[in-house]
Structures are given as structure tokens and as C-alpha cells.
Amino acid sequence: MEIIQVNNLTKKFPVYGKFAEFQGYKYVLRNVSFSLDSEKCLGIIGESGSGKTTLARLLTGLLQPDAGIIHLLGKDIREYCPKELSQTIQLIFQNPLSSLNPKLSVQTILSEAVAGSADSAGKISQVLKEVGLQENILRLYPGEISGGQAQRVAIARVLLKSAKIIIADEPLSALDVVTQAQIILLFQQLLQQHKINLIFISHDLLTTRYIAEQILVMSEGTVVEKGDCQKIFQYPQHPYTRKLLAANISL
Amino acid sequence: MNPLLAINNLSVFYRRNKKFLPVLKNLNLLITSGERLAIVGESGSGKTSLIMSILNILPRRQSKISGEIIYYPGEQSLNLVSLPEEQISRIRGKEIAAIFQDPHGSLNPLSPIGKMLRETIRGQGLSDKTILARCLNALSEVRLPATAEFLQLYPGEISGGQAQRVVIALALLLNPKLLLADEPTTNLDVTTQKEILDLLLEKVNTFNLTYVLVTHNLAIAKNYTNRIILLYAGEIVSDSPKEEFFSEPLHPYARLLLAAIPMSKEQPITTIYGNIPPLEEEIIGCSFANRCPEVRPKCYQKKPGLYRIKNSLVRCFLYGDNSGK
């Protein structure tokens, strides 16, 4: 079964001028279609403004499409109730510190994710171990932890929801090289152990190549190339993909 | 080559809970004129504090600085650490220019781009016509539209890449000798990143600038500089020519950093677990000892010196004091 099936997804935003006058619509996504097979990692690459984050927000129900259909686990996204949707798909944001409520302790943040379930303390303790955090982090507030630790807390929160699909939207861009490697290894471990389906959005081409099996190259709201990650990196067909790969600074 | 900047026994302390904690520890570094060097290291290693010390913009009440940063603008020498604000402000921006990570944070959001450019060259006795011509020329130098309309735009109306080009134009407008770039492309996407770094390199070569690039990205350091200074917990742990650093990385930390970069699926990455020691922690031996895979008992007892191997300096007992064995 296909985990995600997206057909002709379109999203436009109104554009206003300097004096708040309506100037028309800007199409951020145009007829985007793709699918993700079970237990695979899909990488989405493209420049700023290519529509990557809008796509992530549509897939998680944070935005409604203007046209097109999204099927998650074979079911139309419009048929999901909010709670069911949050247990199916979760989003990890780019800036870990701003995605956590600064006024809540890590304990409260994680407890909210498992509210209502039995043995919540046991589940939190288990997930903390999996993401490589110690229990003493629970009493701290987001302002007291490092960027890498905050990203781990964000991942722990997502794991507590037991969502089948996780979208990570530029999860490494705010982190340094060592912390990036730690989070990449953590994602790999989670892919193997939890059988999750990961959508990895990034403009870091080397990392995407390392972690993803399938890839989607986006430019100005459209998918310009999609397919097997290694093949596309070796033999890019679309001029935009070639331009993107040529801009990559490697060792 | 002539020295341009000599950093001698530089230590910087930040105030936390009424105590001053060391961020940079006895740093010694000689930068010669026309050199291109990269300062690399993890978050918290002291990279930005070093740049702020050179610019003398550390928060005065919250920090303490000791040692000296000698700047050689010509035949004379000036200690930037002890220079009065009046004198340092004539050097900062004019002779030593800096580009920071967040371009929008570097620009005044309430000022049009043209006004910022004009203010930079005002006071040189130039006519309005000449100032306008120089502003337009500065824009075209960084490949921005050299038009009167662009000069009227506010920073909020341009993209991150364009904003960083404006910052570069501002930095180069007064013909500096030394250009400090602190993670200039971290917030930009891959194509813009390359364009900005290429542009900076082109300007560095054209104007024969001395270039200090702060980055945590070793690929950028390799492609855009010639000398790699590796900082860890406020200390220089390795200082190598680029070729030596990448062909035979000496310090275990350098080897681990290189192994943490994803290259291909067939080459699994490894990482360094643990964190940089907190500022509060008093370190007697090697600051990397608690994360080092090649640690020896000696590493916890005594601080290693900087040992010379070929053209590199490395702070590790594996290479000196006969105690690594």
C-alpha cells in the first residue's frame, strides 16, 4: 500500500500591495503529484520558495489545498478527524527552539503528547532513551537546552504520538556539523526500529542523498524530477536538478 | 608575508551568575596580509567570540578580555583590545569589515538600502552625484540591480541572498584590508550559498583582501580558504594548511569531524557523542579528552602543547611530549 498518495495538489496565496490592496494570487504549488511507498524515506530538495514547506503543511493538515487530493495510508486527508490525523502524520520543524513552547518544561511538553494514555511516564522514559536524552532534561525549559537537545525533544514528542509518517522540514539547518551527524544517525535508527515513513525536506543535498531512497526535486511550486535518489544524483535529467547539484559544495 | 593581525594570549571571559567564565583561552594566532583562513569548530567553540574580540564589540559589562590583538595597518601597530572606542570605530568597518550570519539582522529595517550605502561613504567630502555613482557601482559590484529603484527598497522587501549582497556591498564600500565573514551563508539555500561565497572570493582576490571565514562547514572551508584553524572549547587544537588538514588530519577531533560529513550511502557516517565541556567546567588536561577515542591517562592530567608536524600545529599528546605512547 502506498503510504502517501498526492494528486494534482495546488495551493495559492493572495498577494497584497504596500497599501494592503489585493493584487492577485501567487501559486506556491502547482499540480504536485507523488507517492511514497511503505517504510521508505523520501527526500524533497529545492531552493527557498520552491514550495517545500507549503507541501509539508498541506500534508499535515495545517493548510488546506485549493485543488488536488491527499491520501494518507489509503484514506483521504479530509476524512481524518484532527486527533486521528495527528496520530498519523507529524511534522518536525526547522528551528527546534521555536517549535517548543518556551514557557513549558520538557516534562510538560512531552506529557501533552501522551495525554490520556496509560503509563505516560514509562513511555516518555523509553522515548528519551531512544533519542539519546537523559531524564534530567525533563525539568529543564527549552531556553536552557542546546539546539541539538531541542531537536531531540521535538523528535521525542513526535515519537510519542506514534505517527506512521514523519515529515522533517529542514531539521538540520540550525545545527552544527557534529549535531547534524547525531540527528542523521538518530533518524536512520528510527527508520529501522520504528518502521516509520520519513519525508526529509532539505536543501542540504549530501545529507538528503545519504538518508533518502526516493527523491523529489521541486522548483517554483512544481515537481521537476522524481525517482530513485541515487539515480537522480548520478544522472540528473532536468536542467534545474543539474543546476542544483552543480551548486553543491562538497569536500 | 607581512603580518596583518597578531593575536597574543587572548582570553575572553563571559559573565554568568556573577562569575567570569572563559570562552577563549590563551589564543595565539598570526594572520598575514592576503591570507585566506577558515575558523572551524562546533557551536560553542568560541568562533564568534573571536570575531567579536577582533572587532572589539564584546558586551562590555558582560565580558572581560585579556591579551592583545595587534593590528598592523602600515608601519605602526595598534592593540585593538586597549584602543579607545573613538579610535577603534575608525578602524571597524573601514579597515576591518565584517559580514554576519543573518543579513536581515545586519541591516536597519527602517532605512532604505540607498540611505545605508550613502551613510557609509558620507563625510569623505564627496559630491551628491559622486556618492550616488559610488552607491550604484557598489550594487553592480555585488551583482544587484544598479538602479535608483533598488536604492529605495527597504531590507524587508528583498530576499535573504539579496540582503547578504547588500551587506557585502556595505562591507567593501570603504576598501577594507581585512574581511571577517562569520557564517555568511548559513541561512541561505544551496544555490545562493555558492553564489555568495563565489562573490566573496572574487572580491577577496580582486582587492587582495585578507579573509577570515568562520564556518562549521568543512566543505566550504576547503573550497574557499587556504588555512584551517580548528577551535575546540575556546582553544586552537589544530592550525594547518588546507592540503594537510584534509589529506592527513592530525587531531582526533579533526578526523571525527570529517567522518561526520555524509559523502555517499556506502560510506556510513560516525559522530562525536557528548558535548563541548560547559564554560563552568574547569579543565586541567586536554579539553577534548572526554570525547576522544584515542584518549590516554595523561590527557586528563596535563594540557597538551601545540606541536609542529610538517606545516601544521596540533594540540595533542599523540604528537609530542613522548607521553602519548
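As shown above, the structure is provided for reference.
Residues numbered from 1 in each chain as written. Chains lettered and ligands numbered in written order. Predicted model: local features only at pLDDT ≥ 70, side-chain atom pairs only at ≥ 80, totals over all residues. Heavy atoms only, no water.

### Section: the overall build of chain B
Regarding its fold elements, chain B presents twelve helices and twelve strands. Relative to the 2.2 N^0.38 estimate, which gives 20 Å for 325 residues, the radius of gyration of chain B is 21 Å and therefore close to what a compact globule would have. For chain B, the C-alpha atoms occupy an extent of roughly 70 × 50 × 40 Å along the three principal directions. Across chain B, the fraction of contacts at a sequence separation of at least 24, relative to all contacts at a separation of at least 6, is 64%. Carbon and sulfur atoms provide 50% of the accessible area of chain B, an area that totals close to 14,800 Å². Measuring between centres, the 37 positive side-chain charges of chain B sit 4 Å from its 30 negative side-chain charges. (Helix = DSSP H or I, 4+ residues; strand = E, 2+ residues; numbered from the N terminus. Rg over C-alpha atoms; globule rule 2.2 N^0.38 Å. Contact = heavy atoms within 4.5 Å. Areas by Shrake-Rupley, 256 points an atom, 1.4 Å probe, with all protein chains shown as cover. Lys, Arg positive; Asp, Glu negative; His and termini not counted. Charge placed at Lys NZ, Arg CZ, Asp CG, Glu CD.)

### Some points on the packing of helix H4 (residues 113–121) of chain B against helix H5 (residues 128–141) of chain B
Residues and elements named next belong to chain B. Contact geometry of H4 with H5 gives a least axis separation of 10 Å together with a crossing angle of 115°. Crossing of H4 over H5 shows right-handed handedness. Residue-level contacts link Leu117, Arg118 and Ile121 of H4 to Ile131, Arg134, Cys135 and Leu139 of H5. Looking at the contact of H4 with H5 residue by residue, the class counts come to five nonpolar, no polar and two charged. (Axes fitted to C-alpha atoms, helices over the stretch in contact; angles between N-to-C directions. Left-handed = near helix turned anticlockwise from the far one by under 90°. Nonpolar A, V, L, I, M, F, W, Y, C, P; charged D, E, K, R; others polar.)

### Examining the interface of chain A and chain B
The parts lose accessible area when they come together, and the size of an interface is often stated as this lost area. In this assembly, 31 residues from chain A lie in contact with 36 residues from chain B. Across the chain A to chain B interface the summed buried area is about 2,900 Å²; carbon plus sulfur atoms make up 65%. Considering only the surface of chain A that becomes buried against chain B, A:Tyr210, A:Ile249 and A:Leu251 emerge as the three largest contributors, covering 30% of it. For the pair chain A and chain B, the interface holds zero salt bridges. Elements with a minimum of two residues in the side of chain A that touches chain B: helix H6 (177–194), helix H7 (205–211) and helix H9 (239–246) of chain A. (Buried area = accessible area lost by both parts, 1.4 Å probe. Salt bridge = Lys/Arg side-chain N within 4 Å of Asp/Glu carboxyl O.)

### Things to note about the layout of surface pockets
Residues and elements named next belong to chain B. Size it by volume and the second largest pocket reaches roughly 450 Å³. Surrounding the second largest pocket, 19 residues form its lining, Gly93, Ala98, Thr120, Leu170 and Ala171 being those nearest its centre. Among the elements of the structure, helix H2 (85–91), strand S6 (96–99) and helix H7 (160–172) are those that each provide at least two residues to the lining of the second largest pocket. Looking at the lining of the second largest pocket residue by residue, the class counts come to eleven nonpolar, five polar and three charged. (1 Å grid on protein atoms, 1.4 Å probe; cavity = no way out; pocket = protein on both sides within 12 Å on 5 of 7 lines; lining within 4 Å. Points joined across faces, edges and corners; volume = space filled by probe spheres on them.)

### Examining empty space enclosed by the protein
Under the defined criterion, the tally for this structure stands at three cavities of 30 Å³ or more. A volume near 580 Å³ is recorded for the largest cavity. Together, 37 residues line the largest cavity, and A:Gln180, A:Asp204, B:Gln193, B:His216 and B:Asn217 are the ones closest to its centre. Only H6 and H7 of chain A together with helix H8 (190–206), strand S8 (210–215) and helix H9 (218–224) of chain B provide two or more residues apiece to the lining of the largest cavity. Per element, the largest residue contribution to the lining of the largest cavity is four residues, and it comes from H6(A). Residue classes in the lining of the largest cavity are distributed as 21 nonpolar, 13 polar and three charged.

### Concerning a nonpolar patch on the surface
Residue and element names in this part refer to chain A. A cluster of nonpolar residues, Tyr16, Phe22, Tyr25 and Tyr27, forms a patch on the protein surface that exposes about 460 Å² of accessible area. A total of three residues in the nonpolar patch trace back to one element, the largest contributor, which is strand S2 (residues 22–36). With respect to the helices and strands, the residue tyrosine 25 is situated in strand S2. Its relative accessible area of 48% is what places tyrosine 25 among the partly exposed residues. (Patch = residues over 30% accessible without salt bridge, like charges linked within 9 Å, V, L, I, M, F, W, Y side chains within 5 Å. Buried < 20%, exposed > 50% of the residue type's maximum accessible area, 1.4 Å probe, protein only.)

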